[in-house]
Every structure is written in C-alpha cells, then in structure tokens.
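Close look at the chain arrangement
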Amino acid sequence: MGILENLHEFEAKKAKESLDMLLIDRSNEFKELAKGMGIPTTSPSWEQIILKFCLDFNECFRVITTPEGPNDTTEDSHNKIHQCMTLIRQIARGKSSMIEITHLQNLAYTLAEEFKTIYKRLS
C-alpha cells in the first residue's frame, strides 16, 4: 500500500478501498491525468501516485482560496506557496493552452473531492 500508508489524515485500508471504488467509475480520468503529467500507467501503483497528487492539489486549492490566504511571513506559508506552484507547474509542463491546464486542474480537484466523499461514506 506504500503511498496510501503515508496519507496522514486517512486510514490506509479505507483509503485503498475508497481508491478501488473510485477507480471503478473514474479510471479514465486517472489515466488522462497521468498522461497529462507524464506518469506511465504501466508503473506500479500509478493510481496511488495520482491520488496523492490530487489530494495535495486539493489542499493547495484550499490554501490559496481561503480569505486570509497564505503569506510570506512564516516559513510554513512560504513552503505551502512553493508546493502549490510546483504542483501547478507539474500539470502545466508541456501544455499549449490554459484550457488544457485548467482541465487537468479540474480533474485533480474533482478526483480528490470524490475520493474524500467515498472515504467519508465508508467511515
């Protein structure tokens, strides 16, 4: 389970079950996001890599859209801003339009939200 065990806010067994359920309906979206990011779908646990990315991206979206927002006054804020920009860059690399980037960002956000919904139902 590797990556799923490192998701601090999720129990590994339920996370695996939630991911398996999500893949039933959303495997094409996982593949599309993997292709857009250059992650081969033949690599072991590529679905978990994509899920981790989606959850991280979702957290960054939450951080940058909160009313108080991040600022550079603390080390943690600076690290969060840097992490968000790195995730956006990972999606944007090699794309030729904002539409492509936005589509992949929306996929990542939606997959994370659906995963959390399924996980919550299993709890």
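Refer to the structure above for everything that follows.
Calculation rules
Each chain has its residues counted from 1, running along the sequence as written. A pLDDT threshold of at least 70 governs which residues receive local features in this predicted model, and a stricter bar of 80 or more applies before side-chain atom pairs are shown or counted, although totals over entire chains, interfaces and linings include all residues. To get the side-chain values, take all heavy atoms of the structure and skip hydrogens and water. Under the pairing criterion, centres of Phe, Tyr and Trp rings, with the six-membered ring standing for Trp, must be within 6.5 Å; the plane angle then separates stacked pairs below 30 degrees from edge-to-face pairs above 60, leaving the rest tilted. A run of H or I in DSSP becomes a helix once it reaches four residues, and a run of E becomes a strand once it reaches two; helices and strands are each numbered from the N terminus. Accessibility here uses a 1.4 Å probe with only protein chains present; expressed as a share of the type maximum, an area under 20% marks a residue as buried, one over 50% as exposed, and anything in between as partly exposed.

Quick look at the packing of aromatic side chains
One pass over the full model with this rule turns up five aromatic pairs. Plain terms: the ring middles of Phe 10 and Phe 115 are 5.2 Å apart, the flat faces sit at 75 degrees to each other, and that makes the pair edge-to-face. With a gap of 105 residues between them, Phe 10 in the segment before helix H1 (12-37) and Phe 115 in helix H4 (residues 98-122) connect regions that are remote in the sequence. Among the residues examined, Phe 10 registers a relative accessible area of 10% and is labelled buried. Summarising the aromatic geometry, the rings of Phe 53 and Phe 57 are spaced 6.2 Å apart at their centres and angled 20 degrees between planes, so their arrangement reads as stacked. Linking Phe 53 with Phe 57, this pair stays in helix H2 (residues 46-65), spanning four residues, or about one helical turn. Judged by relative accessible area, which is 8%, Phe 57 ranks as buried. An aromatic cluster is defined as three or more aromatic residues linked by ring pairs; in this entry it consists of Phe 10, Phe 115 and Tyr 119.

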